[in-house]
Structure formats: structure tokens, C-alpha cells
Amino acid sequence: MVILIPKKMKVKFLGGTKEVGRSAIAVRSTNSQILLDYGVLMDRTPGFPMHIPPNDVDAIVLTHAHLDHSGAIPIFHVNGRKPVYGTSLSFELSRLLITDFIYLSGYYLPYEYIDLQNMLDCAIFVDYHTPLDIGDLKIQLIESGHIPGGAQVIVESEEKRLLYTSDFNTIDSQLLKGASQADGEIDVLIMESTYANAEHENREETEKRFIEKLYEVVENGGTVLVPAFSVGRSQEILCVLAAYDFKYSITVDGMAKNANKILAAHPTFLRDYQLFMNAINSAKWIKGWRDRRLAAKKPGVIVSPAGMLKGGNAIFYMNSIAKKKENAIFLVSYQVPDSPGAKLLERKQFVLGGKMKKVKADVDHFNFTSHSGKTQLLDTAKKTKGNAKVFIIHGAEENCQTLAQIIEDEIGLETHAPKSGEIYTI
Ligand SMILES: [Zn+2]
Ligand SMILES: [Zn+2]
């Protein structure tokens with residue numbers, strides 16, 4: 001008699017559980033083990049995922065360039081050459097973001113620039129919707145709608161199929177098409193929950209309100225600072241301005257310029273390449289301090305990192321723009337509690353010239369998020385075929401638990417909000 005032993009898949013959560021940061025998941029089949037992301041937690045000093053012996057890992061799959069998914073991968077390239085799979089664009093953008101990360105936080109990192117270079121040498125470019133074998137596992141990347149080059153991952157072992165959404169947005173933006181829905185039955189669904197507690201306003205309404213308010217400020221002689229993340233959000237804002245044919249001066253500064261150049265060289269990753277090229281060509285790219293000082297005084301819009309006003313050239317602009325009531329600061333991304341951007345929104349205060357001061361300029365927030373909201377997250381769980389076991393990660397503790405409960409109650413799927421170190425056998 002032949003006894004058939006079911007071929008199980010093991011999933012271990014190494015980070016990014018009940019928090020946003022250091023995303024890392026190990027997936028094991030009979031003969032192979034891969035990592036899905038290996039990111040860092042951006043805190044005062046960077047935090048890392050749980051350790052996993054490099055010898056036990058066959059390969060790493062990178063879902064997108066954000067440091068909370070990519071920032072710890074070079075650890076595997078200090079003394080080794082581990083293959084890393086991802087889209088070509090994700091590697092280009094990772095090079096930009098990790099280089100800057102080493103420059104700013106190198107003291108706290110267990111790797112150096114040469115190890116990043118080694119990691120990039122180990123890159124294997126993957127096209128969307130093109131399955132690929134890693135040992136006895138098969139992976140496939142599908143579009144995530146989150147940032148250019150971003151992907152969700154489908155992992156297949158002999159008998160099981162897993163979908164890891166990573167960060168994803170199912171709604172079309174100016175820059176990207178909404179996320180693809182995975183085909184076929186899924187046994188394990190690992191989903192983010194950054195915005196599990198929020199319903200997003202209709203995108204078009206946000207855009208219109210944003211443009212109207214920009215005109216109001218600029219036509220009264222004011223300058224608007226839009227602090228935005230260098231990769232993704234800055235380009236989305238430039239595309240919104242181009243789509244609505246914004247008539248006044250547009251300036252772009254900081255690392256957003258490097259990201260513009262990289263995206264311009266990857267046309268197939270964008271929803272509307274012509275719109276993107278119009279957007280970046282109609283903006284003035286800051287070349288030095290003279291440009292910067294002039295831009296800060298001229299009526300118009302300035303798009304500059306950092307998105308939460310934690311640093312970057314946005315700080316220079318704040319010092320000049322915040323002091324005049326005809327100006328405005330429009331925040332366009334999620335503001336982590338306690339970040340300078342969050343404090344600015346809550347109290348209209350900001351550190352100017354070394355002291356916490358009242359901001360005279362108008363302050364407003366527009367939700368141009370690139371993460372799915374509550375409705376989109378629930379829809380994704382509903383639309384997933386098969387009787388998947390669901391794991392909710394990449395969100396504040398409360399968000400992970402609440403979303404897990406709602407999916408279990410309303411959709412009837414077994415759902416967990418795992419802790420780091422937990423292993424599930426499926
Ligand atoms: Zn992300
Ligand atoms: Zn993330």
C-alpha cells in the first residue's frame with residue numbers, strides 16, 4: 001500500500017507583523033525555502049526582521065523598492081551571493097533608496113555600499129505574469145498598483161498556492177493601473193492592512209479639491225509646498241498637475257528628481273507614459289541653492305521630499321513658506337503619529353529656525369494614498385478564489401486584529417493576525 005504524505009507549505013513571519021516596517025516572510029516547501037521581502041523598520045534607529053540562517057534560504061523575492069521591504073536584503077550579501085528576484089525597476093529604485101539609506105543611517109547598518117552592489121549583482125529580473133522556478137517552488141509576480149515596479153507574489157509548491165499582496169492599491173491612480181487580481185484558487189492569502197481603518201475618499205474628488213485649493217492659494221500670490229515621498233508620490237502629484245493642466249509654476253526638488261529619471265527610462269511600468277513625460281517636463285527641476293531660494297518666493301507649487309517633513313529639502317522650504325499666511329503646505333501622504341508632518345496637521349506647529357513655532361501658512365491634507373482602503377481590502381479577500389487561510393500583516397496592531405476579525409465574521413475565512421516568529425503549516 002502506498003501512503004501519500006500531503007506536501008505541506010510552511011509560512012514563518014519574520015517581521016512586519018502588527019506593525020508597518022521590516023516586512024519579511026519565509027515560505028518553505030519540501031526542498032526549498034524563499035524569503036518574501038526583508039525590510040527595515042524606520043525608527044530613530046533602524047529595526048530589522050528576525051534572523052534566518054542564510055544557508056537555509058535559496059532566494060529572496062523583492063516586491064518593491066520601499067525600505068520597509070528592501071532595506072535589509074543586503075545583509076545576505078555581506079558574505080554571500082543570494083539570488084534576489086524582482087522587477088528591473090524595483091532594483092533601480094532600490095539602488096536609489098538604499099544608497100540614500102546607507103548615507104543617512106550607515107552607522108546603524110550591518111552592511112555597506114559594497115554589499116548593496118553585491119546584492120544588485122545578484123538581481124534576477126522578473127517580468128509580470130511570467131512564472132519562474134526556484135527549486136520546487138514556482139513564483140509569479142503580478143502588478144500591485146502601489147509604486148512603479150511593485151508586485152504581489154504568487155508562490156506555488158507542489159500542492160499549495162500562496163498570494164502575498166505586499167503593499168497594494170486596487171484603485172487606478174494617475175501614475176499606475178490598480179492592482180491585478182490573482183487567477184486560480186489560493187490556499188494562503190497574506191495581506192497588508194495599512195489603511196484597514198479608513199475609507200478612502202473618491203480619487204477624482206480628492207484630485208479636484210487639491211487642484212481647486214492650489215489655484216486659490218497661487219492666484220492670491222502664495223506658494224504651496226507639497227512634501228512628498230521621492231519615489232511614487234512625488235510623480236503621482238506631478239501627474240495630477242499635468243492631467244488637470246495646471247497653469248502656474250511647478251517645481252520639483254530632492255531625490256524625486258532621480259526617481260523621475262529612472263521612471264522615464266521604464267515606460268512600460270507606467271499607466272500613461274505620455275502624461276508622465278508631460279508631467280516631469282513641465283516642472284522645473286531644482287539645480288542648486290539659487291533655484292531653491294527663488295522657487296520659495298515665487299507663486300506656484302513645490303513638490304519636494306520628505307513626505308512626513310522628517311528631513312530633505314522640504315525643511316528648507318518650510319522655513320520660508322510657513323511664515324506667511326498667503327502660502328500653504330499640502331500634505332499628501334500618511335503621517336506617522338508623532339512625525340513632524342502629523343504635528344503640523346494637528347497643531348499647526350513646526351520647528352522653524354530651531355524653535356517650535358506657530359505656522360501662519362494654510363495647512364491641509366489630501367489623501368493620495370497608494371494603499372488599499374478598508375473596502376478594497378475586504379473586496380480582495382472576497383474575490384480570492386478557494387478557501388484561503390488569511391494572514392493580516394503590515395498595519396498597526398489594532399488594524400491587523402480588526403481586519404482579521406471582520407474577514408472572519410463577514411467572509412467566513414479563517415483569519416489570523418500573526419506575531420513575529422509564528423510558523424503556520426498549510
Ligand atoms: Zn510600500
Ligand atoms: Zn510597506
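### Thoughts on the overall build of the protein
Each helix and strand in the protein was counted, giving twelve helices and 22 strands. Here the C-alpha radius of gyration of the protein, 22 Å, is about what a compact globule of 426 residues would show, namely 22 Å. Principal-axis analysis of the C-alpha atoms gives the protein an extent of 85 × 50 × 40 Å. Burial status across the protein gives 58% buried among its 426 residues. Of all intrachain contacts in the protein linking residues separated by at least 6 positions in sequence, the fraction that spans at least 24 positions is 71%. Entry remark: accessible area of the protein is about 18,300 Å², with carbon and sulfur atoms responsible for 49%.

### Overview of the coordination of the zinc ion (ligand 2)
Of the protein atoms, only D68 (OD), H69 (NE2), D167 (OD) and H394 (NE2) coordinate the zinc ion (ligand 2), at distances of 2.1 to 2.2 Å. Geometry at the zinc ion (ligand 2) is irregular, judged from the four donor atoms that bind it and their angles of 91 to 160° at the metal. Between consecutive donors of the zinc ion (ligand 2), the numbers of intervening residues give the motif D-H-x97-D-x226-H. In this structure, the zinc ion (ligand 2) is positioned 3.5 Å from the zinc ion (ligand 1), and both are ligated by D167. Of this pair, H69 sits in helix α1 (residues 67-70) while H394 is found in the loop between β20 (389-393) and α12 (397-411), placing the two residues 325 residues apart along the sequence. The pair H69 / H394 is uniform in exposure class, with both members buried.

### Observations concerning helix α9 (residues 314-321)
Along α9, the positions that sit buried rather than exposed are A314, Y317, M318 and I321. For α9, the buried positions fall inside an angular range of 105° around the axis, keeping them on one side. Lining the buried residues of α9 we find β12 (223-227), α8 (289-297), β15 (300-304), β16 (328-331), α10 (340-347) and β17 (349-352).

### Quick look at the sheet that holds strand β4 (residues 59-61)
Read across the open sheet, the seven strands follow the order β6-β5-β4-β3-β2-β1-β22; overall the sheet is mixed. One side of each edge strand has no neighbouring strand; the edge strands of this open sheet are β6 (123-125) and β22 (423-425). Each strand axis lies, on average, 25° off the axis of its neighbour in the sheet, ignoring direction. In this structure, strand β1 (residues 10-15) lies alongside β22, joined through three bridges in antiparallel fashion. What sits directly across from K12, in β22, is I423.

### Structural notes on the sheet that holds strand β19 (residues 362-365)
Pairing in this open sheet of six strands is parallel, and the strands run β14-β13-β15-β12-β16-β19 from one edge to the other. Edge strands, defined here as strands with exactly one partner in the open sheet, are β14 (284-285) and β19.

### Points about the packing of helix α6 (residues 256-264) against helix α7 (residues 273-281)
Any two packed helices are characterised by the angle at which their axes cross and by the distance between the axes. At a minimum axis separation of 11 Å, α6 and α7 run at an interaxial angle of 150°. With respect to each other, α6 and α7 are oriented roughly antiparallel. Of the two possible hands of crossing, α6 and α7 adopt the one that is left-handed. For the pair α6 and α7, the contacting residues are N260, L263 and A264 in the first and Y273, F276, M277 and I280 in the second. Here the contact of α6 with α7 is composed, by residue class, of six nonpolar, one polar and no charged.

### Considerations on the pairing of strand β8 (residues 137-143)
β8 sits mainly inside the fold: five of its seven residues count as buried. Sheet topology places strand β7 (residues 132-134) next to β8; three bridges connect them, and they run antiparallel. Bridging from a neighbouring strand, D133 pairs with K138 of β8. Turn length for the β7-β8 hairpin, with the two strands adjacent in sequence and antiparallel, is two residues, and the turn residue G135 shows positive phi of about 60°.

### Some points on the nonpolar core
If you look at the biggest cluster of nonpolar residues, it comprises 98 residues, and the most contacted ones within it are I34, L36, V155, L162, I190 and F210. It is helix α2 (residues 88-105) that contributes the most residues to this core, eight residues altogether. Residue-level mapping places this core at the junction of two domains, with at least three residues from each of domain 1 (10-198 + 370-425) and domain 2 (203-365). In this structure, V155 is in contact with M9, V27, I34, L36, L137, K138, I139, K160, R161 and L162, ignoring residues within four places of it in sequence. In terms of nonpolar packing, the next biggest core, distinct from the first, is built from 23 residues, L189, A196, V390 and C400 among them.

### Looking at the pairing of β17
Side chains of β17 alternate between two faces, with F350 and L352 buried and Q349 and V351 left unburied. Across four bridges, β17 lies against strand β18 (residues 355-358) in antiparallel orientation. Paired with L352 across the two strands is K355, which belongs to β18.

### Overview of empty space enclosed by the protein
Under the definition given, this model contains one cavity of 30 Å³ or more. Taken as a whole, the largest cavity holds about 70 Å³ of empty space. Along its surface, the largest cavity is lined by N169, I171, H200, E201, R203, T206, N367, T369 and H371. For the lining of the largest cavity, the class distribution of residues is one nonpolar, six polar and two charged.

### Comments concerning the coordination of the zinc ion (ligand 1)
Note on the zinc ion (ligand 1): its protein donors are H64 (NE2), H66 (ND1), H146 (NE2) and D167 (OD). The metal-donor distances range over 2.2 to 2.3 Å. For the zinc ion (ligand 1), the four donor atoms in the first shell make angles of 92 to 164° at the metal, so the coordination geometry reads as irregular.

Criteria and thresholds
Residues numbered from 1 in each chain as written. Chains lettered and ligands numbered in written order. Predicted model: local features only at pLDDT ≥ 70, side-chain atom pairs only at ≥ 80, totals over all residues. Heavy atoms only, no water. Helix = DSSP H or I, 4+ residues; strand = E, 2+ residues; numbered from the N terminus. Rg over C-alpha atoms; globule rule 2.2 N^0.38 Å. Buried < 20%, exposed > 50% of the residue type's maximum accessible area, 1.4 Å probe, protein only. Contact = heavy atoms within 4.5 Å. Areas by Shrake-Rupley, 256 points an atom, 1.4 Å probe, with all protein chains shown as cover. Donors = N, O, S within 2.8 Å, 3.2 Å for Na, K, Ca; no water. Tetrahedral: all angles 85-135°; square planar, octahedral: opposite > 155°, others 65-115°. Arc of directions from axis to C-beta. Pairing = 2+ DSSP bridges. Axes fitted to C-alpha atoms, helices over the stretch in contact; angles between N-to-C directions. Parallel < 35°, antiparallel > 145°, perpendicular 65-115°, else oblique. Left-handed = near helix turned anticlockwise from the far one by under 90°. Nonpolar A, V, L, I, M, F, W, Y, C, P; charged D, E, K, R; others polar. Core = buried A, V, L, I, M, F, W, Y, C linked by side-chain atoms within 4.5 Å. Domains from an automatic or database assignment. 1 Å grid on protein atoms, 1.4 Å probe; cavity = no way out; pocket = protein on both sides within 12 Å on 5 of 7 lines; lining within 4 Å. Points joined across faces, edges and corners; volume = space filled by probe spheres on them.

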